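# Understanding the architecture of this molecule
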Amino acid sequence: MAASTSEPRFNQRHLLDMSSLDAEEITTILDLADRFFEISERPIKKVPTLRGQTVVNLFMEPSTRTRISFEVAEKRLSADTINFSASTSSTKKGETLLDTVKNLEAMSPQILVMRHSEPGAAHFVAKRVNAAVVNAGDGAHAHPTQALLDCATIRKVKGKIKGLEIAIVGDIDHSRVARSDIIALRKLGANVRVAGPKTMIPPGLAELTGATVCHKLGEAVEGADVVMMLRIQAERQGGACLFPSTREYSRTFGLDSDVLSMSKDDAIVMHPGPMNRGVEITPEVADGPRSVILYQVTYGVAVRMAVLYLLAGKPPVE
Amino acid sequence: MAASTSEPRFNQRHLLDMSSLDAEEITTILDLADRFFEISERPIKKVPTLRGQTVVNLFMEPSTRTRISFEVAEKRLSADTINFSASTSSTKKGETLLDTVKNLEAMSPQILVMRHSEPGAAHFVAKRVNAAVVNAGDGAHAHPTQALLDCATIRKVKGKIKGLEIAIVGDIDHSRVARSDIIALRKLGANVRVAGPKTMIPPGLAELTGATVCHKLGEAVEGADVVMMLRIQAERQGGACLFPSTREYSRTFGLDSDVLSMSKDDAIVMHPGPMNRGVEITPEVADGPRSVILYQVTYGVAVRMAVLYLLAGKPPVE
Amino acid sequence: MAASTSEPRFNQRHLLDMSSLDAEEITTILDLADRFFEISERPIKKVPTLRGQTVVNLFMEPSTRTRISFEVAEKRLSADTINFSASTSSTKKGETLLDTVKNLEAMSPQILVMRHSEPGAAHFVAKRVNAAVVNAGDGAHAHPTQALLDCATIRKVKGKIKGLEIAIVGDIDHSRVARSDIIALRKLGANVRVAGPKTMIPPGLAELTGATVCHKLGEAVEGADVVMMLRIQAERQGGACLFPSTREYSRTFGLDSDVLSMSKDDAIVMHPGPMNRGVEITPEVADGPRSVILYQVTYGVAVRMAVLYLLAGKPPVE
């Protein structure tokens, strides 16, 4: 697979959020991800695309799976990877984010993958550097590679996305995954229903995104092709008590076999991980025949390879 | 050195403990380690065996030397290495070990090297994944690559293992190193004597392993070909006071030149590290002409290269 | 660029401090750094110099930029890099520095890059190992690659170093950067003026180094070709109160546009980073047209490539 700067229909220098991409660009990424997915099944899982290039993974917020997924993707593209995490960083010495980033950029990385607790951090940085920036999560705002891997998984398993009924369940308001998924799925023509406690549904969501808001779990799951459960992220709720208890949450918005039986016969179950087993999803469902949760992880590597590949093909703007 | 799936006499998909290997399989590893040892002395210390393969080092317990030894071994085999340590992990978010491992496996690593505080953790994981699993230490249970590097060192320096008198001294009960060493050395025909405070010798050891239990240090060291000192690991004793004080321990079970003089004239001194100088071993002995402690470290890389090489040659079971 | 063991005029096995190098050796490094600087601007930023070699980065003190700069340099030379930081180390288990280093050395690294809080740590280690040692900072003593990158930057921008008037401002006494810079710049024929609070100027500095000591900032900056600001490092002052407050410090020794206007018209501003914006330097100056601060970072990678390249060419002494 030869790198090409004339790759059709991907005119982005950065990957910051799903709003910036049109349906055709998303499809370009998904098509390419399918090809990289196959590479992960080969004995030699490596292509020379990013040989001699440096990719910096700047994670200012704890992460495991996303950082490792990017690192695997980068190494399979033959990049030299540099990991920089907040816990070992100059930020402890009071350096600003921009100074940290400008310093990293002065070492000539081709691509900067960054996670930060502040919404808009990746956009802020992207405007100020020549390196391509990939947003690996900025607060509750966006997590575009998660949305892309979810789309890639759905398209692969269901054969299409257009016209599917997709339920997204949980803390919609604090979830960058939900936000990015809703935008991406709507662009690709899916019907999205969201469900969760009222305190966790952002006001105006239906108007803004065209998603259908359900206040009961059954309503969202009924007849769905895809049921996507979100992680309850206590760490993002700022201490406020948005639901009575995990037991209460589990009883009203947790997915078990009974609820799942309301969906279509061939419906699939998704979760971005890490799962709280017994809270938002029962082990029976998480490990059941409808679950494509680990398939999502495999597509995570493939989608990130696709994104890095496409961004590497763009010459830096002077 | 070309990889071969028909490598004779190594029929393991994983390396979990020394009990699972027979003498011929151990010898296969030691022979191969001797060849990799030579590669570490070349100007270019690298072979392409694992090119395009991902190896994940999953260390759920603090470690330096073992993790680095594996990482060096993996890189000399041209693998892409991914380090995952507990301190930066999803386990903080409450994910189960199996979910963590399944997620890593979904990224298609060829080999998973894991250390965990729970005895049996590597076995538990190995039954549930397609990747080859190398146990890099599971609680007080097993540490097979340490036993293999000890065997490789002894065989190289003494020319054989069969018939040697080998003293292992220290906290036998809490030591995965001792456990794995005793099993391996017995399989290769050595006579093993253990010594340590009564509270640190597991009941039934002599019956189970054929080792001779000594309650005085001199008894074990007298006429020995090899004296292997163990680290006193306060962190593994669960707070219980198993010996009066380090000074008392040092006086009764610490190795100094006087005690060492009771061994054979050409006896060698070993220690798995990190050493407590002045507690289980005096600096004079640790740095003396009989010490092969650093040679053990060098063989550590070679043995791990051999193990990874052999496991990489096995196709995953479906 | 082919590796050569007969590289003229660099007869060092280690890089420990600037005192050990003569002007010709420094110039050899700077010349080579200029060539590596160009490699960082190529599409493929990699040369095979250290292929099959292991470089260990042993950082016993927190660091980001220096560790990452070395790691980038090592990877661009195709080395296998191993990162070892104190927070995950055996040193927690009470191992001595020398045992840690001897263990790492037994894994056959070609080069050991080390940072340690103790002055003289790198010298201590260098005397006891066969690997080449690069001092990446030892307490308040030396930081030779920082001095070299500062020299490389100045020479590139100003076209020469000899005869330039260079002001170094801040906590001279506690700064390994200042110490190494003064020695290097004097060897290359620059005139060095230092300025800072009296408590931060080591007694006898003028006599020892030939630098001119100024007690007012304006005195040092007046007519200077280069103004190098140091970071105020509260962490190195041992709790003692060496200046009244950061506001007071900023007022008397902080660089702003007014003060800078006293320097030559084409003077440049440098800072080793990380900056305390608003303390030792105003944002206006840090981001202004005279600032070469990010250029220093880029030269950091090139200089480290040059040093590693030169040391790798030396066969280990037996």
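Here the residue numbers are simple positions, counted from 1 along each chain's written sequence. The lettering of chains begins at A and the numbering of ligands begins at 1, in the order of writing. Side-chain atom pairs in this predicted model are given and counted only at pLDDT of 80 or more, local residue features only at pLDDT of at least 70, and totals for whole chains, interfaces and linings cover all residues. Hydrogens are left out, water is left out, and the side-chain values use all remaining heavy atoms of the structure.

### Some details on the overall build of chain A
What counts here: Put simply, DSSP marks the helices as runs of H or I at least four residues long and the strands as runs of E at least two long, and each gets a number from the N terminus on. Here's how the labels work: a residue is buried when its accessible area is under 20% of the maximum for its type, exposed when over 50%, partly exposed in between, all with a 1.4 Å probe on protein chains only. Surface accessibility in these figures is a Shrake-Rupley result with a 1.4 Å probe; residues are shielded only by whichever protein chains are displayed.
A tally of helices and strands in chain A yields 12 helices and 9 strands. Out of the 318 residues in chain A, the part that is buried amounts to 63%. Accessible surface, chain A: about 11500 Å² in total, of which carbon and sulfur atoms supply 53%.

### Section: the pairing of strand β4 (residues 132-138) of chain C
All names here are of chain C. Defined as follows: Two strands pair if DSSP finds at least two bridges between them. If the strands point away from the viewer and the path from the first strand over the helix to the second runs clockwise, then the crossover is right-handed.
The buried count for β4 comes to 7 of 7 residues, which makes it a mostly enclosed element. Here strand β3 (residues 111-116) pairs with β4 via 5 bridges, running parallel. Each residue of the ladder has a partner; that of valine 113, found in β4, is valine 134. At this point the chain moves from β3, through helix α4 (residues 121-126), to the parallel β4, and the crossover so formed is right-handed.

### Some remarks on the packing of helix α5 (residues 144-158) of chain C against helix α6 (residues 176-187) of chain C
The description of two helices packed together rests on the angle between their axes and the distance between the axes. Residues and elements named next belong to chain C. Spelled out, the test is: Interaxial angle, 0 to 180 degrees, is taken between N-to-C directions of lines fitted to C-alpha atoms, where a helix line uses only the stretch in contact. Each angle is binned into one of four classes, with values under 35 degrees roughly parallel, values over 145 roughly antiparallel, values of 65 to 115 roughly perpendicular, and all other values oblique. Rotating anticlockwise by less than a right angle from the far helix to the near helix defines a left-handed crossing, while the corresponding clockwise rotation defines a right-handed one. Every residue pair with non-hydrogen atoms within 4.5 Å of one another is taken to be in contact. Charged residues are taken to be Asp, Glu, Lys and Arg, nonpolar residues to be Ala, Val, Leu, Ile, Met, Phe, Trp, Tyr, Cys and Pro, and polar residues to be all remaining types, Gly included.
At their nearest, the axes of α5 and α6 sit 8 Å apart, and the two run at 50° to each other. Classified by the angle between their axes, α5 and α6 sit oblique to one another. Viewed along their axes, α5 and α6 form a crossing whose handedness is right-handed. Note on element contacts: α6 touches α5 through Val177, Ser180, Asp181, Ala184 and Leu185, opposite Pro144, Gln146, Ala147, Asp150, Cys151 and Ile154. Here the contact of α5 with α6 is built from residues that sort into 7 nonpolar, 2 polar and 2 charged.

### Focus on the interface of chain C and chain B
To be explicit about the condition: Buried area is calculated as the accessible area (1.4 Å probe) missing from two parts once they are joined, with the contributions of both summed. Salt bridge, as used here, is a side-chain nitrogen of Lys or Arg placed within 4 Å of a carboxyl oxygen of Asp or Glu. Side-chain atoms alone can form a polar contact between residues adjacent in sequence; in general such a contact is a pair of N or O atoms within 3.5 Å, and within protein one must be able to donate a hydrogen while the other accepts it.
Residue-level contacts link 23 residues of chain C with 26 residues of chain B. Roughly 2300 Å² of surface becomes buried between chain C and chain B when both sides are summed, with 50% attributable to carbon and sulfur atoms. If you look at where chain C meets chain B, you find 2 salt bridges. Measuring nitrogen to oxygen at the nearest pair gives 2.6 Å for the salt bridge that ties C:Asp99 to B:Arg277. Linking chain C with chain B are 11 residue pairs in polar contact (both at pLDDT 80 or more). Those elements that place two or more of their residues in the side of chain C that touches chain B are β2 (80-85) and α3 (97-105) of chain C. Among the elements that make up the side of chain C that touches chain B, the one with the highest residue count is β2(C) (5 residues). Counted by class, the side of chain C that touches chain B contains 6 nonpolar, 11 polar and 6 charged residues.

### Describing the confidence of the model for chain A
All names here are of chain A. Quick reminder of the rule: Think of pLDDT as the predictor's per-residue confidence, scored from 0 to 100.
Here chain A averages 91 in pLDDT, while 90% of its residues score no lower than 70. When the criterion is pLDDT under 50, residues 1-7 qualifies, and its contacts beyond four places in sequence or with other chains add up to 12 contacts. Here the predicted complex carries an ipTM of 0.90, next to a pTM of 0.93.

### Describing the interface of chain B and chain A
Taken together, the contact between chain B and chain A spans 23 residues of the former and 26 residues of the latter. The contact between chain B and chain A buries some 2300 Å² in all, and 50% of this surface belongs to carbon and sulfur atoms. The interface formed by chain B and chain A contains 2 salt bridges. Sorting the residues of the side of chain B that touches chain A by element identifies β2 (80-85) and α3 (97-105) of chain B as the ones contributing at least two each.

### Details of the pattern of salt bridges
Under the defined criterion, the tally for this structure stands at 45 salt bridges over all chains. Look at the salt bridges and you will find they share partners, linking A:Arg9, A:Asp22 and A:Glu24 into a network.

### Some remarks on unusual backbone geometry
The step from B:Gly273 to B:Pro274 runs through a cis peptide bond, and the omega angle for that step is -10°. Residue placement: B:Pro274 occurs in the loop between β9 (268-270) and α11 (283-286). Despite not being glycine, A:Ser108 has its phi angle at roughly 65°, a positive value. Tracing the backbone through its elements, the reader meets A:Ser108 in the loop between α3 (97-105) and β3 (111-116).

### Regarding the packing of helix α1 (residues 23-39) of chain B against helix α5 (residues 144-158) of chain B
Residues and elements named next belong to chain B. Axis separation between α1 and α5 bottoms out at 10 Å; the angle between their running directions is 65°. By the angle between their directions, the pair α1 and α5 is classed as roughly perpendicular. Remark: the crossing between α1 and α5 carries right-handed chirality. In this structure, α1 contributes Ile26, Thr27, Ile29, Leu30, Asp31 and Asp34 to the contact, and α5 contributes Leu148, Cys151, Ala152, Arg155 and Lys156.

### Overview of the packing of aromatic side chains
Applied cut-off: Classification of ring pairs rests on two measures: the distance between centres of Phe, Tyr or Trp rings, Trp counted by its six-membered ring, which must be within 6.5 Å, and the angle between planes, read as stacked under 30 degrees, edge-to-face over 60 and tilted in between. In this scheme, Lys NZ or Arg CZ marks a charge over a ring once it lies within 6 Å of the ring centre and within 35 degrees of the ring normal.
Within the structure shown, the criterion is met by 15 aromatic pairs over all chains. Ring centres of A:Tyr249 and A:Phe253 lie 6.0 Å apart, and the angle between their planes is 35°; this geometry places the pair in the tilted category. Placement of the pair is A:Tyr249 and A:Phe253 together in helix α9 (residues 246-253), with a separation of 4 residues, close to one helical turn. Pair check on accessibility: A:Tyr249 and A:Phe253 agree, each one buried. A connected cluster of aromatic rings, assembled from ring pairs, spans A:Phe37, A:Tyr295 and A:Tyr299. Here C:Arg304 stacks its cationic end above the ring of C:Phe70, 4.9 Å away from the centre of that ring.

### Overview of helix α1 (residues 23-39) of chain A
Formally: Every helix has an expected span of 1.5 Å times one less than the residues it contains.
For α1(A), built from 17 residues, the straight-helix expectation of 24 Å at 1.5 Å per residue is met to within 8% by its first-to-last C-alpha distance of 25 Å. Check the buried side of α1(A) and you find it contacts α5 (144-158), α6 (176-187) and α12 (293-312) of chain A.

### Things to note about the relation of the copies chain C and chain B
Copies of the same chain, two in number, are related to each other by a rotation about an axis and a translation along it. Our working definition: A least-squares superposition brings the copies together, and it is based on the C-alpha atoms of residues with pLDDT no lower than 70 in both.
Each copy of the sequence occupies a distinct position, and chain C is placed on chain B by a rotation of 120° and an axial shift of 0.0 Å, giving an RMSD of 0.0 Å. The symmetry that links the two subunits is that of a three-fold axis.

### What about the sheet that holds β2(C)?
In any sheet, the strands associate via hydrogen bonds between backbone groups, in a parallel or an antiparallel arrangement. Residues and elements named next belong to chain C. The parallel open sheet is built from 4 strands, whose spatial order is β2-β1-β3-β4. Two strands close off the open sheet at either side, each with one partner strand: β2 and β4. For this sheet, the mean inter-axis angle between neighbouring strands, taken without regard to orientation, is 15°. In this sheet, β3 lies alongside strand β1 (residues 54-59) in parallel orientation, the contact comprising 5 bridges. Considered in β3, the bridge of leucine 58 is made with methionine 114.

### Brief notes about the sheet that holds strand β6 (residues 191-195) of chain C
Residues and elements named next belong to chain C. Strand order in the open sheet formed by 5 strands is β7-β6-β5-β8-β9, with parallel pairing between adjacent strands. For this open sheet the edge positions go to β7 (212-214) and β9 (268-270), each flanked by a neighbour on one side alone. Strand-to-strand twist in this sheet, taken as the mean axis angle between neighbours without regard to direction, amounts to 20°.

### Some words on the state of the cysteines
Residues and elements named next belong to chain B. To keep it simple, the criterion reads: The definition used for a disulfide is geometric: two cysteine sulfur atoms within 2.5 Å.
Counted according to the given criterion, the structure contains 0 disulfides over all chains. With no disulfide partner, cysteine 151 has as its closest neighbouring cysteine sulfur the one in cysteine 214, 19 Å distant. You can call cysteine 151 buried: its relative accessible area is 0%. Residue classification places cysteine 214 among the buried positions, given a relative accessible area of 3%.

### A look at the side chain of B:Thr66
Within the secondary structure layout, B:Thr66 lies in helix α2 (residues 65-76). For B:Thr66, the residues in contact, after removing those within four places along its chain, are B:Phe59, B:Arg115, B:Ala136, B:His143 and B:Arg304.

### Here we look at the pairing of β3(A)
Burial analysis of β3(A) places 6 of its 6 residues in the buried class, which makes it a mostly covered element. Side-chain alternation along β3(A) places A:Ile111, A:Val113 and A:Arg115 on one buried face and A:Leu112, A:Met114 and A:His116 on a second face that is also buried.

### Here's the deal with the environment of B:Pro62
Take B:Pro62: it is sitting in the loop between β1 (54-59) and α2. Here the alpha-carbon distance between B:Pro62 and B:Arg13, two residues 49 residues apart in the chain, equals 26 Å.

### Some points on α1(B)
Residues and elements named next belong to chain B. Where α1 is concerned, the buried positions are Glu25, Ile26, Thr28, Ile29, Leu30, Leu32, Ala33, Phe36, Phe37 and Ile39. On the buried face of α1, the contacting elements are α5, α6 (176-187) and α12 (293-312). In this structure aspartate 22 caps α1, since a side-chain oxygen of it lies 3.1 Å from the backbone nitrogen of glutamate 24.

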